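# Residue-level structural notes
This is what each chain is made of:
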Amino acid sequence: MVKNMIYTTNYKSELGDILLASDGEHLIGLWFEGQKYYFPFKIEENNIEIKDDLSIFKQTGNWLDKYFCGQKVSPYELNLKLIGSDFRQIVWKILCDIPYGETMTYGQIAKKVSRIMGVESMSAQAVGNAVGHNPISIIIPCHRVLGSDGSLTGYAGGVDRKKRLLEIERGLI
């Protein structure tokens, strides 16, 4: 694989087309077609190639197939590479640790982040920004994050999709 190349493929889901991106070894992105913050990588001349047969894409496709059939899966089953600031990395790691079918609020995540970073408090809005910029939707389960009142606030892929993903995890498929 060529350094700085980004490989892509598409996955067809019940919630619409999904774009997968890889550096050749790791999954570095997963976005619903047209979602907010879609494919945020710098595009250089000839650095993107469609490559459907990458091992990581096959593994991710199998993971997504299981997920959409209601099987319990974990983000730790895939070789992920998260590209973002230290703060975002902390938030995304917390997202990965939210158990399948369960939820947390932005405020609860902010408290965890403040403990990890050794600061007195953390803004739930800052956490919301990091959650919204999650580069690997579904697998890093940002759909499991709710507003302080339990509402389905914000989701870069759309609130209808967020609701459906939670229904799948709760066995309501």
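Summary of the structure given here. Predicted, not measured: the structure shown is a model, and the values here were computed from it. (Residues numbered from 1 in each chain as written. Predicted model: local features only at pLDDT ≥ 70, side-chain atom pairs only at ≥ 80, totals over all residues. Heavy atoms only, no water.)

## Observations concerning helix 5 (residues 159–169)
Taken as a whole, helix 5 has its buried residues at Arg161, Lys162, Leu165, Leu166, Ile168 and Glu169. With its buried residues spanning 155 degrees around the axis, helix 5 presents them on a single face. Buried residues in helix 5 make contact with strand 2 (16–22), strand 3 (27–32), helix 1 (55–68), helix 3 (106–117) and strand 6 (145–146). Gly171 occupies a position one or two residues after helix 5 and carries a positive phi of about 75 degrees. (Buried < 20%, exposed > 50% of the residue type's maximum accessible area, 1.4 Å probe, protein only. Helix = DSSP H or I, 4+ residues; strand = E, 2+ residues; numbered from the N terminus. Arc of directions from axis to C-beta. Contact = heavy atoms within 4.5 Å.)

## Topic: unusual backbone geometry
Despite not being glycine, Ile138 has its phi angle at roughly 70 degrees, a positive value. Mapped onto the elements of the fold, Ile138 is located in the loop between helix 4 (124–132) and strand 6. Its relative accessible area of 1% is what places Ile138 among the buried residues.

## Description of the packing of helix 2 (residues 86–96) against helix 3
Viewed as axis vectors pointing N to C, helix 2 and helix 3 meet at an angle of 125 degrees, and their least axial separation amounts to 10 Å. With respect to helix 3, the axis of helix 2 lies oblique. Regarding helix 2 and helix 3, the two cross each other, and that crossing is right-handed. Between helix 2 and helix 3, the contacting residues are Phe87, Ile90, Val91, Ile94 and Leu95 on the first element and Ile109, Lys112, Val113, Ile116 and Met117 on the second. Along the lines of polarity and charge, the residues of the contact of helix 2 with helix 3 split into nine nonpolar, no polar and one charged. (Axes fitted to C-alpha atoms, helices over the stretch in contact; angles between N-to-C directions. Parallel < 35°, antiparallel > 145°, perpendicular 65-115°, else oblique. Left-handed = near helix turned anticlockwise from the far one by under 90°. Nonpolar A, V, L, I, M, F, W, Y, C, P; charged D, E, K, R; others polar.)

## Quick look at the side chain of Arg161
Along the chain, Arg161 turns up in helix 5. Although Arg161 is buried, it forms no salt bridge, and the closest oppositely charged side chain is Asp17 at an N-O distance of 8.3 Å. Among the polar contacts made by the side chain of Arg161, one reaches the main-chain carbonyl oxygen of Gly157 at a distance of 2.9 Å. For Arg161, the contacting residues outside a window of four places in its chain are Leu15, Gly16, Phe32, Glu33 and Tyr155. (Lys, Arg positive; Asp, Glu negative; His and termini not counted. Salt bridge = Lys/Arg side-chain N within 4 Å of Asp/Glu carboxyl O. Polar contact = N/O pair within 3.5 Å; in protein donor to acceptor, adjacent residues only side chain to side chain.)

## Some details on helix 4
Structurally, the α-helix is built with 3.6 residues per turn, so residues lying three or four positions apart point the same way. When helix 4 is considered as a whole, its buried residues turn out to be Val127, Ala130 and Val131. Viewed along the axis of helix 4, the buried residues span an arc of 100 degrees, placing them on a single side of the element. Looking at the buried residues of helix 4, the elements they touch are helix 2, helix 3 and strand 6.

## Re the environment of Thr8
Within the fold, Thr8 resides in strand 1 (residues 6–13). A residue is classified by how much of its surface remains accessible, and Thr8, at 7% relative accessible area, is buried. Linking Thr8 and Phe57, residues 49 residues apart in sequence, is a C-alpha distance of 8.5 Å.

## A look at the sheet that holds strand 2
An order of 3-2-1-4 is seen for the four strands of this open sheet, with the pairing classed as mixed. Every interior strand has two partners, whereas the edge strands, strand 3 and strand 4 (48–50), have only one. Strand-to-strand, the axes of this sheet are offset by a mean angle of 30 degrees, without reference to chain direction. Where strand 1 and strand 2 come together, seven bridges link them in antiparallel fashion. Counterpart to Ser13 in the pairing with strand 2 is Gly16. Of the strands in this sheet, strand 1, strand 2 and strand 3 touch helix 1, which is tilted by about 25 degrees from strand 1. (Pairing = 2+ DSSP bridges.)

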